[in-house]
Each structure stands twice: as structure tokens, then as C-alpha cells.
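# Coordinate inspection notes
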Amino acid sequence: MRCKEATQQLQLYLDNRLTIKQVRALEAHLAYCNACLEELTIIEEVVNDLQTFKVVVEPDDLNAQIMRRVAIAASQRNAPASRFSLWHPTLLEIVVAATLATIATIGTILQQPSIRALLPFANGHDGLSLAFLNILHTLMTVDSTTLIFALWIGGTILGICITLILAGAEMRTQWFKAMMELLPVR
Amino acid sequence: MSEHSLQSSHTIGIPLTNAVPSAIEQDDLLLVAASKNGDQEAFAQLVQRYQRRVFNLVYRMLQQYEEATEITQETFLAAWQGLPSFRGDARFPTWLYRIAYNCSLKQLELRKRDRALQVALEAEKILEDANNEQRENAELEARDRQVLVQEHLSHLPAKYRIVLILRHLQDMTYEEMAEILTMPIGTIKTHLFRARNLLKERLQSLNRESDMGYRGW
């Protein structure tokens, strides 16, 4: 056995991680190699120093402190309202959200001729429905992809607005902050 | 450190050795099952059983008593909150040690980032040193080799420090360390080898310096 190999095995020897064959070979090497024997003694000293480390006694009230925090965590987990704790919209927010939701669904209603016929407006004769049909016609004449894109953009904006209004002021602030952080330039 | 009680690892009530009888493992499983159902009394028993070992692991990683107290609390709190995900694939203490190690690493990262705190601590230390110069000198004289080893241990990289702590303070096998640190046994061997060698080299260089100083004086 060479010294390099022996040196690499010394720590495993101290940790009893060598096979009997390896132990015999190493001990045979150590019997005549003073350098490796000295190395073993030094590592043994380091290991002994480490093993005589004192155990540090924890604070007397550590258990009580831990269990206090556990009790708080448990009570928070059991609280039924905690999931919606940030959700408390005002009356005005609910009204605005409801209005926007109505606007968002009105397009679907107006697309149905049978429903349109029942309404006093948007039946093709009043000003509102004429204006709507004119806009629709203009978009259709540009091309159908543009129409779908415009509807998609409008629907998304309306959806975001409704969600943010219903989410409440605190959630809105958090959302705006998160959006601002995503911006590359502030 | 001196103000905190120290005991030899052979004299404390709870043995640090990991040769845990299976009866305790069975009891752990029962207590874990009860804790999962929200039984805080059962969890308090688990805390009582493992708090010293966890505290010592965290303390040796962080080397600060108050910080170790806080991180030990966080470890057990994280364990309580993570109990639903504990499937029993590993033994409870193994799982707990993994949490303690991760919490310690997180704290070490926070320490690195919080430079202001470090500066403040250093300033406080300088002031304290100046005020207690005489006491400090007496302590320096009283320092023995083991204290030096502890100091050098605290300056080793965390990945090397943890293997030495687990192996020599917590008396763990290579297999247990591999399970806690989620590393192959080969990596554990390498880390232990490098850690002890680093410690050995630092102590040797210190010995050389003190020899030279002694001769020069």
C-alpha cells in the first residue's frame, strides 16, 4: 500500500468504515510508515477534540415557547374565516362590479335575436342597438380576426377590473405592487 | 458561551447517541399520529424528547445562543405545520433534523444579507471587548485546544460543519447523515474527509504560529 492510499483511508479507519481486508492492509502499512502513523495520530486528536464537545443546555422555557407558537399556529389554521380574511368589498365596489359584469354579459344577450326581440331596446330600431350594430358592422368589415381580438381584449380588461374590485382594497394594493415589481423600468 | 450551562455529552439525561431503541420509534409514530390529528399534548412530548438534540445541532451551526433558541422554535413550528406531509418514509428525528438543518442554512443566508446587523454586532463586540479587557485576557489564557477547535469549526463552510456536528456531536452513522442531508454516502465521506483535513490544517498552522511566537518571545 502506498502512503497516498493509506492517508485517504485513515479517516474511514477511525470511523470503522473499512473492510477487514482493508484494515489489515492499512495496519500493515502503518506498522512500518511513521509518516502515516503520525498523520493518524493527528487526525485522532482532531476527532477526539470534536467528540469531547460539551452539550449546551437549552433555555428552560424552550418547550413552553415552542408550544405557545404551535398553539397560535393551530388556532390560525382552525379559524374558518381566515381563507377570506382579505376579502371584504365595500357596497360601492359590489355595485361597480355588478355593473361591469352586466356590461360584459350584455353582448351575449344582444347576440340572441329571440332575446333581443323581447327587450324594449337593442331590437334594431332604437338608438342604442343601432349604435351597437354599427360598431359591430365596422369591426366585421375590417376582418373577423380583429373583431375576435378586440372582444378578447375588452373581455379580459373587464374581467380583471371585476376581479380587482371584488378582491378589496388590500388585495388590490398587493396586486399593484406585484405588477410594479414585474415592470422592467420603474 | 460561558453563561450557558454546558454538560458532557455522556452525562446529560437524553443520550445524544442515535442508537434509539425501536420502542421509542414506535412511541414516536403514535405521538406523530396524534399530533397530526391536532393533539398538541402529543406534540409537546415530541418537542420534549428532541429539543435538546435539535437545539445543539442548530447552536453548533449558528454559534449564537439566542439565535439558536429562535431557530429551534422555528424548526418545531415548521415541523408542526409540515406534519400532514410527513408520511413516515424516514424516522421522525431524521425528518426533524432535516428541517433543523434547512432552517439553520436559511438563517445563515439571512445573516449574510443582513450586513447592517453584522456591523452592529461587531461594533457591540468591540465595545464589549474594550470594557472587559482584563476579563478577556484571563479568558484567552484559559482557552484550551477544544475551544480552539470550536472556533475553527464555526469558520468552516456550512456543508462541512454539518457533517462534523452530525458525526461527532450527534454520533450519527454515514447512512443517517446521508438520509438527513439527502446526499449519497460517497458525498458524505468526501465532505467528512475534507472537513477534518481543513480542521487539522488550521490547528496545525495555529500550533506552528504559537511555537514560533514562543521561540521569538
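Since the model is a prediction, treat every value here as computed from it, not as a measurement.

What follows is about the overall build of chain B. The number of helices and strands found in chain B is ten helices and one strand. The linear arrangement of helices and strands in chain B, starting from the amino end, is β-α-α-α-α-α-α-α-α-α-α. In chain B, which comprises 217 residues, the share counted as buried stands at 28%. Restricting the contact set of chain B to residue pairs at least 6 apart, pairs at least 24 apart contribute 66%.

On to the interface of chain B and chain A. Contact with chain B, which involves 39 residues of that partner, is made by 27 residues of chain A. Where the side of chain B that touches chain A is concerned, the elements lending two or more residues are β1 (6-8), α2 (40-62), α3 (65-82), α7 (145-154), α8 (158-169) and α10 (185-216) of chain B. A total of ten residues in the side of chain B that touches chain A trace back to one element, the largest contributor, which is α2 of chain B. Split into classes, the residues belonging to the side of chain B that touches chain A amount to 19 nonpolar, 16 polar and four charged.

Moving on to the nonpolar core. When a protein is soluble and globular, its nonpolar side chains tend to lie buried together. Residues and elements named next belong to chain B. The biggest cluster of nonpolar side chains holds 52 residues, and the ones touching the most others in it are V58, L96, A100 and V163. At eleven residues, α2 tops the list of elements feeding residues into this core. Filtering out sequence-adjacent residues up to four positions away, A100 remains in contact with V54, L57, V58 and T75.

Turning our eyes to something else, we now look at the packing of helix α4 (residues 92-113) of chain B against helix α9 (residues 174-181) of chain B. In a packed pair of helices, the relevant descriptors are the angle between the two axes and the axis-to-axis distance. Residue and element names in this part refer to chain B. Packing of α4 against α9 brings their axes to within 8 Å, and their N-to-C directions diverge by 55°. Here α4 is positioned oblique relative to α9, judged by the angle of their axes. The interaxial crossing formed by α4 with α9 has right-handed handedness. Across the interface between the two elements, T94, Y97, R98 and Y101 of α4 pack against E176, E179, I180 and L181 of α9. For the contact of α4 with α9, the residue count by class is four nonpolar, one polar and three charged.

Attention now moves to the confidence of the model for chain B. Looking at chain B as a whole, its pLDDT mean stands at 80, while 72% of the residues score no less than 70. The ipTM value of the predicted complex is 0.74, and its pTM value is 0.62.

We now examine the environment of F43 of chain B. Inspection of the secondary structure assignment puts F43 of chain B in helix α2. What makes F43 of chain B buried here is the crowd of 23 C-beta atoms within 10 Å. Discounting residues that sit within four places of it in the chain, F43 of chain B has contacts with V70 of chain A together with S35 and W80 of chain B.

We now examine α8 of chain B. Residue and element names in this part refer to chain B. Under the 1.5 Å per step criterion, the end-to-end length of α8 is 15 Å for twelve residues, consistent within 8% with the ideal 16 Å. Of all twelve residues in α8, nine are buried, a share of seventy percent or more. Burial in α8 covers these residues: R161, I162, V163, L164, I165, L166, R167, H168 and L169. Following α8 by one or two positions, D171 adopts a phi angle in the positive range, close to 60°.

Here we take up unusual backbone geometry. Here the phi dihedral of N16 of chain A falls at roughly 55°; this positive angle occurs in a residue that is not glycine. Turning to its location among the elements, N16 of chain A is positioned in the loop between α1 (3-14) and α2 (20-32). N16 of chain A gets classed as exposed once you count the C-beta atoms within 10 Å, which come to 8. The phi angle at D171 of chain B is positive, at roughly 60°, despite the residue not being glycine.

Now for the packing of helix α1 (residues 22-36) of chain B against α2 of chain B. Residues and elements named next belong to chain B. Close contact between α1 and α2 brings their axes to 7 Å; oriented N to C, the two are set at 140°. By the angle between their directions, the pair α1 and α2 is classed as oblique. Seen from above, α1 lies across α2 with left-handed handedness. Across from D28, L31, A34 and S35 in α1, the residues of α2 making contact are A42, F43, Q45 and L46. Looking at the contact of α1 with α2 residue by residue, the classes come out as five nonpolar, two polar and one charged.

Cut-off values and rules
Residues numbered from 1 in each chain as written. Chains lettered and ligands numbered in written order. Predicted model: local features only at pLDDT ≥ 70, side-chain atom pairs only at ≥ 80, totals over all residues. Helix = DSSP H or I, 4+ residues; strand = E, 2+ residues; numbered from the N terminus. Buried ≥ 20, exposed ≤ 12 C-beta atoms within 10 Å, placed from the backbone. Contact = placed C-beta atoms within 7 Å. Nonpolar A, V, L, I, M, F, W, Y, C, P; charged D, E, K, R; others polar. Core = buried A, V, L, I, M, F, W, Y, C linked by C-beta atoms within 7 Å. Axes fitted to C-alpha atoms, helices over the stretch in contact; angles between N-to-C directions. Parallel < 35°, antiparallel > 145°, perpendicular 65-115°, else oblique. Left-handed = near helix turned anticlockwise from the far one by under 90°. pLDDT = per-residue confidence, 0-100. Expected span 1.5 Å × (residues − 1).

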